[in-house]
Amino acid sequence: KLMPGKNVYQYFSQEMNQRVSERLRLEQDLRSALDRGEFRLFYQPKVDLVSGEMHSMEALIRWAHPESGLVSPVRFIPIAEETGLIIPIGQWVLEEACRQNRAWQDAGFPPLRVAVNLSATQFAQPDIVDSIVAVLEKTGLDPEFLELEITESMLMEDVEDAIRILRELKGLGLSLAIDDFGTGYSSLSYLKRFPVDCIKIDQSFIAELLKNSEDAAITSAIIALAGSLNLNVTAEGVETLEHVDFLRRRGCHEIQGYYFSRPLPPEDFTRLLREGRNL
Ligand code: C2E
Ligand code: CA
Ligand code: CA
Ligand code: CA
């Protein structure tokens, strides 16, 4: 019979040590990654379900780590949040996304909106509005071509304060989207008070859309809710034609997902723009 003896304990504690030191290394590397210019932005199209055209894209960060290769934001954004590094990283993302979008416009491509993810820490900065104004001025991007993606939980922390900031941001002329909608603890009664343009249905509902009747019901309800509140609705994580058909029948406006395109590095995105591919 196996007994959980000393060796088992040592095994676990070794594994834990390894994890802790791996994390420490990640944190230290993260600190120098900005100076070394190791971050990249990939861009994923959002496509209109009626016209089939691309109207916007989401900027998604990657870390081109010299040893580990491309590191997913799922691995380093939480650490960046905890350490406060998300502030300079988020600032870089905002500036790079606006700069790149302006460059595509200057190259003569039809103007698109670029969506940037804001972290909770960024949103809570007292100078968040000023810093966005500064980036728009510096890059020369017209605010109508910038969209900010914010999660429900960021808005629910201090609702009145959040509404005030959202109003100021809207006042600049940019668009606002609520990301990962349906996963947070938002109260539906607040939704009408938030001056946002769009809600994004979380991909966890889309994944099992055709197998799970509850996910299908929630997705349909969110689309109907968006319609009655006059909000645009984007479904993310759309991977198959069946997803597309379901969403189109329910009146969803826009999709984002592997079905149309994975997030692409700028060079590949430029090729997509040149091809002018539609859904
Ligand atoms: P998110 O904002 O919900 O972004 C959508 C994620 O779904 C992206 O993962 C995207 O690559 C992935 N995705 C898109 N289409 C599909 C699909 O059809 N199927 C599946 N399975 N996945 C799909 P990614 O790029 O790994 O980003 C993960 C999360 O990291 C993002 O989730 C966002 O919360 C965060 N993140 C990414 N970039 C930034 C950033 O610049 N700043 C901040 N604060 N967070 C970021
Ligand atoms: Ca997002
Ligand atoms: Ca999302
Ligand atoms: Ca997500």
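Residues numbered from 1 in each chain as written. Chains lettered and ligands numbered in written order. Predicted model: local features only at pLDDT ≥ 70, side-chain atom pairs only at ≥ 80, totals over all residues. Heavy atoms only, no water.

So, the overall build of the chain
Right, so step 1: Along the backbone of the chain there are 12 helices and nine strands.
Right, so step 2: For 279 residues, the compact-globule estimate of 2.2 N^0.38 gives 19 Å, and the C-alpha radius of gyration of the chain, at 21 Å, lies within 12% of that figure.
Right, so step 3: Dimensions of the chain, computed from the C-alpha atoms along their principal axes, are close to 65 × 50 × 45 Å.
Right, so step 4: The burial tally for the chain puts 45% of its 279 residues in the buried class.
Right, so step 5: Taking as baseline every contact in the chain between residues at least 6 positions apart, the subset at least 24 positions apart corresponds to 67%.
Right, so step 6: If you sum the accessible surface of the chain, you get close to 14,600 Å²; carbon and sulfur atoms cover 51% of it.
Right, so step 7: Charged side chains of the chain number 29 positive and 43 negative; the gap between the two group centres comes to 4 Å. (Helix = DSSP H or I, 4+ residues; strand = E, 2+ residues; numbered from the N terminus. Rg over C-alpha atoms; globule rule 2.2 N^0.38 Å. Buried < 20%, exposed > 50% of the residue type's maximum accessible area, 1.4 Å probe, protein only. Contact = heavy atoms within 4.5 Å. Areas by Shrake-Rupley, 256 points an atom, 1.4 Å probe, with all protein chains shown as cover. Lys, Arg positive; Asp, Glu negative; His and termini not counted. Charge placed at Lys NZ, Arg CZ, Asp CG, Glu CD.)

Re the site of ligand 1
Right, so step 1: Q44, R62, Q203, E239 and Y258 are the nearest of the 21 residues found near ligand 1.
Right, so step 2: Within the side chain of N117, an N or O atom sits 3.1 Å from an oxygen atom of ligand 1.
Right, so step 3: Between ligand 1 and D180 there is a distance of 3.3 Å, counted from an oxygen atom to a side-chain nitrogen or oxygen.
Right, so step 4: Expressed as a share of its isolated accessible area of 800 Å², the protein-covered part of ligand 1 is 82%.
Right, so step 5: Looking at which element gives the most residues to the shell around ligand 1, the answer is strand β2 (residues 54-65), with four residues.
Right, so step 6: Here the residues of the shell around ligand 1 are counted per class, giving nine nonpolar, six polar and six charged. (Near = heavy atom within 4 Å. Polar contact = N/O pair within 3.5 Å; in protein donor to acceptor, adjacent residues only side chain to side chain. Nonpolar A, V, L, I, M, F, W, Y, C, P; charged D, E, K, R; others polar.)

With respect to the coordination of the calcium ion (ligand 4)
Right, so step 1: Within the first shell, the calcium ion (ligand 4) binds the protein through D180 (OD) and D180 (OD), at distances of 2.9 to 3.2 Å.
Right, so step 2: The distance between the calcium ion (ligand 4) and the calcium ion (ligand 3) comes to 3.6 Å, with D180 serving as a donor to both metals.
Right, so step 3: Along the chain, D180 turns up in strand β6 (residues 175-181). (Donors = N, O, S within 2.8 Å, 3.2 Å for Na, K, Ca; no water.)

Looking at the pairing of strand β8 (residues 232-236)
Right, so step 1: Of all five residues that make up β8, four are buried, and the element is covered over most of its length.
Right, so step 2: Here β8 runs beside strand β9 (residues 254-256); their pairing, made up of three bridges, is parallel. What sits directly across from E236, in β9, is Q256. (Pairing = 2+ DSSP bridges.)

Structural notes on unusual backbone geometry
Right, so step 1: Its identity as a non-glycine residue notwithstanding, D180 has a phi of 50°, on the positive side.
Right, so step 2: A positive phi is found at N230, a non-glycine position, where the angle reads about 60°.
Right, so step 3: Tracing the backbone through its elements, the reader meets N230 in the loop between α10 (213-228) and β8.

Quick look at the side chain of E96
Right, so step 1: One can find E96 in helix α3 (residues 86-106).
Right, so step 2: Separated by 2.8 Å, the side chains of E96 and R99 make a polar contact.
Right, so step 3: Aside from chain neighbours lying at most four places away, what touches E96 is L41 and Y43.

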